[in-house]
Amino acid sequence: MINMPSVYLGLLHYPIYNKNGEIITSAVTNFDIHDIARSSRTYNIKRYFVIHPLASQRELVKEIMDHWQTGLGAEYNPDRKEALDILELAESLEMTVRCITEAERQAPVIVTTDARCFPNTVSYGQLRRTIETGTRPCLILFGTGWGIEKSVMQQFDYILEPVLGPGDYNHLSVRSAVAIILDRLLGEPWWLERDR
């Protein structure tokens, strides 16, 4: 197993575009909480941050977490409890970066994803090598809605190339994109030739 720097994941709910190109705060989705936590745990993500500025939405996430981490929920599905143990709430991206910086004693490389290409777009192979050989922690950030607001995107170190299928449809759910991207960056390199 490769000894890599810590990798963190964040799910950002503001500032996000809606389908009309307006900047909004998106709502928390129950499936994103569970499914992204499970993918994150599978690929050894150190912490999964749900980032939301509204206290009411963070409280909703706490209620969901409490159900699965204590009492009947934890007894019924201990695997889900284990996945949710890595989930953390933050009210802003700045708070998320500060938390990682304090834990790691250095600021993370911040990478995000988008269905569009930008000047600092990198391939999966490039980012995988950066993670494997780097010394700084890495925060992989995912947006909800129709993507993260452009001026915020420009602040990040890297933007991953889009996940594309063979057709022209390009509207994966964020939880599907997370699973695909984590496997490309952190999963077993099955495409490399093996010793025989």
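Residues numbered from 1 in each chain as written. Predicted model: local features only at pLDDT ≥ 70, side-chain atom pairs only at ≥ 80, totals over all residues. Heavy atoms only, no water.

**What to know about the overall build of the protein chain**
Point 1. When you go through the protein chain residue by residue, the secondary structure sums to eight helices and nine strands.
Point 2. Expressed along its principal axes, the backbone C-alpha trace of the protein chain runs to roughly 45 × 45 × 40 Å.
Point 3. Across the protein chain, every contact between residues at least 6 apart in sequence was considered, and the portion connecting residues at least 24 apart equals 80%.
Point 4. Carbon and sulfur atoms provide 51% of the accessible area of the protein chain, an area that totals close to 11,100 Å².
Point 5. If the 20 positive side-chain charges of the protein chain are averaged to one point and the 25 negative ones to another, these points end up 2 Å apart. (Helix = DSSP H or I, 4+ residues; strand = E, 2+ residues; numbered from the N terminus. Contact = heavy atoms within 4.5 Å. Areas by Shrake-Rupley, 256 points an atom, 1.4 Å probe, with all protein chains shown as cover. Lys, Arg positive; Asp, Glu negative; His and termini not counted. Charge placed at Lys NZ, Arg CZ, Asp CG, Glu CD.)

**Description of the packing of helix α6 (residues 124-133) against helix α8 (residues 174-186)**
Point 1. At a closest axis distance of 8 Å, the pairing of α6 and α8 adopts a crossing angle of 60°. In this view, α6 runs oblique relative to α8, as classed from their interaxial angle. When α6 is examined against α8, the residues Y124, L127, R128 and I131 are found in contact with a partner set consisting of I181, D183, R184, L185 and L186.
Point 2. Its residues assigned to classes, the contact of α6 with α8 comprises six nonpolar, no polar and three charged. (Axes fitted to C-alpha atoms, helices over the stretch in contact; angles between N-to-C directions. Parallel < 35°, antiparallel > 145°, perpendicular 65-115°, else oblique. Nonpolar A, V, L, I, M, F, W, Y, C, P; charged D, E, K, R; others polar.)

**So, the pairing of strand β4 (residues 48-51)**
Point 1. The side-chain alternation of β4 yields two buried faces, one formed by Y48 and V50 and the other by F49 and I51.
Point 2. Here four bridges tie strand β1 (residues 7-12) to β4, and the two strands are oriented parallel to one another. Within the sheet, the bridge partner assigned to L11 lies in β4 and is V50.
Point 3. Two strands pair when backbone bridges link them, and β4 and strand β5 (residues 87-90) are joined in this way by four bridges, in the parallel orientation. Paired with Y48 across the two strands is L87, which belongs to β5. (Buried < 20%, exposed > 50% of the residue type's maximum accessible area, 1.4 Å probe, protein only. Pairing = 2+ DSSP bridges.)

**Quick notes on α6**
Point 1. Considered for burial, the residues of α6 that qualify are Y124, L127, R128 and I131. Projected down its long axis, α6 shows its buried positions confined to an angular sector of 105°, all on one face. Pointing more than 90 degrees away from the buried face of α6 are the exposed residues R129 and T133.
Point 2. For α6, the secondary structure elements touched by its buried residues are β1, β6 (109-113), β7 (121-122), β8 (138-143), β9 (158-160) and α8. (Arc of directions from axis to C-beta.)

**Things to note about the packing of aromatic side chains**
The description of two aromatic rings rests on the distance between their centres and on the angle between their planes.
Point 1. Counted according to the given criterion, the structure contains one aromatic pair.
Point 2. With a centroid separation of 6.3 Å and 35° between ring planes, the pair formed by Y8 and F49 is classed as tilted. With a gap of 41 residues between them, Y8 in strand β1 and F49 in strand β4 connect regions that are remote in the sequence. Assigned by exposure class, Y8 and F49 land together as buried.
Point 3. Across from the ring centre of W68, 4.7 Å away, lies the NZ or CZ of R80, which sits over that ring.
Point 4. Above the ring of Y124, the side-chain terminus of R184 is found at 4.7 Å from the ring centroid. (Phe/Tyr/Trp six-rings, centres within 6.5 Å; stacked < 30°, edge-to-face > 60°. Lys NZ or Arg CZ within 6 Å of the ring centre and 35° of its normal.)

**Observations regarding the UniProt feature "domain: tRNA (guanine-N(1)-)-methyltransferase C-terminal" (unreviewed entry) in the protein chain**
Point 1. As annotated by UniProt and renumbered to match this structure, "domain: tRNA (guanine-N(1)-)-methyltransferase C-terminal" (unreviewed entry) occupies residues 7-187.
Point 2. In residues 7-187, helix accounts for 44% and strand for 19%; the two terminal C-alpha atoms are 13 Å from one another. (UniProt positions renumbered as here; feature names shortened; annotations may be inferred.)

**Let's talk about the sheet that holds β8**
Point 1. Pairing is parallel across the open sheet formed by seven strands, whose spatial order is β5-β4-β1-β8-β6-β9-β7. The sheet is open, and its two edges are formed by β5 and β7, each paired on a single side.
Point 2. With respect to the sheet, helix α1 (residues 30-42) is in contact with β1, β4 and β5, its orientation differing from that of β4 by roughly 155°.
Point 3. Across the sheet, helix α2 (residues 55-69) lies against β4 and β5, angled at about 165° from β5, the strand it touches most.

**Remarks on α8**
Point 1. If you check α8, its first and last C-alpha atoms are 17 Å apart, about what 13 residues at 1.5 Å a residue would give, namely 18 Å.
Point 2. Each element contacted by the buried residues of α8 is listed here: β1, α1, β6, α6, β8 and β9. (Expected span 1.5 Å × (residues − 1).)

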